[in-house]
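Single-letter residue listing:
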Amino acid sequence: MNLALNDHSLLQLQALEELGVLESLLESHAEHITLSEDADKRAVTDLTQQAKSLSGDQARLIRARRDQLKAEISAERSFERALSASRRELVTLLQMASVSNDPQLLLSFNNDQLLDFILRGGMGLAVDDYVESQARIRDAVERAFAVIEPDFSFDSMPQLEQIQAQAVTSVFEDVILPDTQSAIRSALTSLALEVPVDIVTSELEERLKRSEKRQLTEVKTRISQYGRSITAAAAAAAELDHYLYTGPLDGLTRPFCKALIGKVVTSEQMRKLNNGQGLNVMTSCGGYNCRHTWSPVSEGFIQSADLDEATTADINKANARAKR
């Protein structure tokens, strides 16, 4: 009897410890989202104030970049909601599959079949939401570009479809699906070993939750990269070789970015920049979660707006301040 009581007590203690870990994870996730939302609001507010302090084309350019940032933030929030909904749908679908199918049969799925299972489990909705968000981001990029080159048409750029397709691939096939596939296969293996379905689904949901924070950081970065990639392609097509570094200048701004905001760099100077995070500066700017972007500008715009052109010392300063 005493042994049974001790075992029971140990089980209760273990359950409480696991509950504490779960609560800690949820609190950490909620705090992460709150901080992220606060940073987004501050960035948008800062760009709005920048636009108000300027006039003419400079103000239009900053407002367009602010709208691009808002579109990216909207895409991230939509994706986050879709990812959460997808997780719930996958758990439900796995429960249904455990009743109506042999887990060994599901385990025999190849990657394409398992991918189809995941997409039908709710991830397909996230894909649709992301594609819709891309349209809003592209519209904001086009309006920003029109300030500098009003006669330039993005319709003359067939590579934009390829950029869009690559962006979807980089988010889902490179970031989301590998983690999800691994979690699903682990859950199916547990079912095949006759682990109770409620335990399997609970473990699956917690594993997917743990993956979300890293996934959302990657997704946020790649959503921003999509807009910057379109901008870079348009600049090359329009033969623009100068870029104004635009974005918020607040307490959250990286030292690397602070050294560059409001300055114009050439393509050659940009190739010498190093954000210290192993990411391409053209499409990632300051690195992960960066809220800045490059705005291609003409030499005439540089002169009329009296913009500050970066020197070698500015490039060296930015590199020295990069987070490594």
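One structure accompanies this document, and this report is about it.

Criteria and cut-off values
Residues numbered from 1 in each chain as written. Predicted model: local features only at pLDDT ≥ 70, side-chain atom pairs only at ≥ 80, totals over all residues. Heavy atoms only, no water. Helix = DSSP H or I, 4+ residues; strand = E, 2+ residues; numbered from the N terminus. Buried < 20%, exposed > 50% of the residue type's maximum accessible area, 1.4 Å probe, protein only. Contact = heavy atoms within 4.5 Å. Areas by Shrake-Rupley, 256 points an atom, 1.4 Å probe, with all protein chains shown as cover. Pairing = 2+ DSSP bridges. Phe/Tyr/Trp six-rings, centres within 6.5 Å; stacked < 30°, edge-to-face > 60°. Arc of directions from axis to C-beta.

1. Let's talk about the overall build of the protein chain
Step number 1: When helices and strands are tallied, the protein chain shows eleven helices and four strands.
Step number 2: Evaluated residue by residue, the protein chain yields a buried proportion of 47% over its 324 residues.
Step number 3: Intrachain contacts of the protein chain at a sequence separation of at least 6 include 81% that bridge at least 24 residues.
Step number 4: Carbon and sulfur atoms form 51% of the exposed surface of the protein chain, whose accessible area is close to 16,500 Å².

2. Let's talk about the sheet that holds strand 1 (residues 242-246)
Step number 1: Taking strand neighbours across the sheet as the criterion, the four strands line up as 3-1-2-4 in an open arrangement whose pairing is mixed. Bordering the open sheet on either side are strand 3 (293-297) and strand 4 (308-309), each of which pairs with just one other strand.
Step number 2: Sheet analysis places strand 1 next to strand 3, joined by five bridges and oriented antiparallel. Its bridge partner lying in strand 3, His242 is registered against Val297.

3. Some details on the packing of aromatic side chains
Step number 1: In the structure shown here, the tally under the stated rule is seven aromatic pairs.
Step number 2: With a centroid separation of 5.4 Å and 50° between ring planes, the pair formed by Phe79 and Phe172 is classed as tilted. Pair noted here: Phe79 is in helix 2 (residues 56-100) and Phe172 is in helix 5 (residues 159-192), with a separation of 93 residues, a long-range link.
Step number 3: Classification of Phe172 as buried rests on a relative accessible area of 4%.
Step number 4: Seen from their ring centres, Phe152 and Phe154 are 5.5 Å apart, and the 85° between their planes marks the pair as edge-to-face.
Step number 5: Taken together, Phe79, Tyr130 and Phe172 form an aromatic cluster joined through their ring pairs.

4. A word on helix 11 (residues 312-321)
Step number 1: Those residues of helix 11 lying buried are Asp314, Ile315, Ala318 and Asn319. For helix 11, the arc enclosing every buried residue in end-on projection is 135°, short of the 170-degree limit, so these residues lie on one face. In helix 11, those exposed residues whose orientation departs by more than 90 degrees from the buried face are Thr312, Ala313 and Ala320.

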